[in-house]
Amino acid sequence: MSDLKPILLVEDNPRDLELTLAALDKCQLANDVIVARDGEEALRMLTRRDPETGKPTQLPAVVLLDLKLPKIDGLEVLERVKNDPETRHVPIVMLTASREESDLVRSYRLGVNAFVVKPVDFKAFFEAIRDLGAFWAILNEPPVGCARRPAGIPSAGKGA
């Protein structure tokens, strides 16, 4: 079992899910990828608490969050995560097909760390996901106390 924090992918579109998982796999990241297919499932994963300490059981290195989701939409998920002192430091990347300026503005007002419009072209989509995975799982330095990997575990190398 890896001590690395997982990547939480929240995506309901089967095609986008498959492409995103393939791109992340190609990166050869050591992080596990956990999938939630709607906003409700994502919030359950992000707010799961240890019964003794009340602290989150395992927060992801990053959340790749679709905007248009069943049950609870991505903006509501973002708002709840960023309003919770225990989860607000978790990086969230809105990964969406929406080009609506209102979605972009609202996402940043709610505290999103990045807003990425899914490219339509397969190669561009693949490269965008690869770059997102590498940046957030390997290059980004989380705040003190939110270590991405334990000391002594090297970062993953560049993907093929």
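Residues numbered from 1 in each chain as written. Predicted model: local features only at pLDDT ≥ 70, side-chain atom pairs only at ≥ 80, totals over all residues. Heavy atoms only, no water.

Enquirer: How should I be thinking about the UniProt feature "modified residue: 4-aspartylphosphate" (unreviewed entry) in the chain in this particular structure?
Expert: According to UniProt, the "modified residue: 4-aspartylphosphate" (unreviewed entry) feature falls on Asp66. Take Asp66: it is sitting in the loop between β3 (62-65) and α3 (74-83). (UniProt positions renumbered as here; feature names shortened; annotations may be inferred. Helix = DSSP H or I, 4+ residues; strand = E, 2+ residues; numbered from the N terminus.)

Enquirer: Would you take a moment to explain the nonpolar core for this structure?
Expert: Across soluble globular proteins, nonpolar side chains have a tendency to be buried as a group. One finds Leu8, Val10, Val63, Leu65, Leu78, Ile92 and Met94 to be the most contacted residues of the largest nonpolar core, which totals 23 residues. At the level of elements, β1 (7-10), α2 (39-47), β3, α3 and β4 (92-96) are the ones that each hand at least two residues to this core. Discounting residues that sit within four places of it in the chain, Val10 has contacts with Ala36, Asp38, Ala42, Val63, Leu64, Leu65, Asp66 and Leu69. Core analysis: the next-biggest nonpolar cluster, separate from the first, contains 20 residues, Ala23, Leu29, Val62 and Leu95 among them. (Core = buried A, V, L, I, M, F, W, Y, C linked by side-chain atoms within 4.5 Å. Buried < 20%, exposed > 50% of the residue type's maximum accessible area, 1.4 Å probe, protein only. Contact = heavy atoms within 4.5 Å.)

Enquirer: Please clarify how the environment of Asp50 should be interpreted in this entry.
Expert: Relative to the helices and strands, Asp50 resides in the loop between α2 and β3. Classification of Asp50 as partly exposed rests on a relative accessible area of 30%. If near-sequence neighbours (up to four positions away) are discounted, Asp50 is found in contact with Lys55 and Thr57.

Enquirer: Mind showing me how you'd approach unusual backbone geometry here?
Expert: In most cases, non-glycine residues show a negative phi, while peptide bonds are predominantly trans. Within the chain, Lys71 stands out as a residue other than glycine whose phi angle is a positive 70°. On the secondary structure map, Lys71 appears in the loop between β3 and α3.

Enquirer: Looking at this model, I keep getting lost on the pattern of salt bridges. Mind explaining?
Expert: For side chains bearing opposite charge, pairing can occur when the charged atoms are close. On inspection of all chains with the given rule, the structure shows 10 salt bridges. One salt bridge connects Asp103 with Lys68, and the closest N-O pair in it is separated by 3.6 Å. Pair noted here: Asp103 is in helix α4 (residues 101-110) and Lys68 is in the loop between β3 and α3, with a separation of 35 residues, a long-range link. What makes Lys68 exposed here is its relative accessible area of 53%. Ionic pairing is found between Glu127 and Lys123, a salt bridge with its closest N-O pair at 4.0 Å. One end of the pair is Glu127 and the other is Lys123, both in helix α5 (residues 122-139) and four residues apart, which spans about a single turn. When its relative accessible area of 30% is taken as the criterion, Glu127 is described as partly exposed. Each of Glu11, Arg15, Asp16, Asp66 and Lys118 takes part in a single network of salt bridges with overlapping partners. (Salt bridge = Lys/Arg side-chain N within 4 Å of Asp/Glu carboxyl O.)

Enquirer: Sorry if this is basic, but what is going on with the sheet that holds strand β5 (residues 114-117) here?
Expert: The sheet built from five strands is open, its strands ordered β2-β1-β3-β4-β5 with parallel pairing. Because the sheet does not close on itself, it has two edges, and the strands there are β2 (33-36) and β5. Neighbour to neighbour, the strand axes of the sheet diverge by 20° on average, direction disregarded. Note: β1 against β3, four bridges, orientation parallel. Paired with Leu8 across the two strands is Val63, which belongs to β3. Relative to β2, α2 is tilted by about 135°, and along the sheet it contacts β1, β2 and β3. (Pairing = 2+ DSSP bridges. Axes fitted to C-alpha atoms, helices over the stretch in contact; angles between N-to-C directions.)

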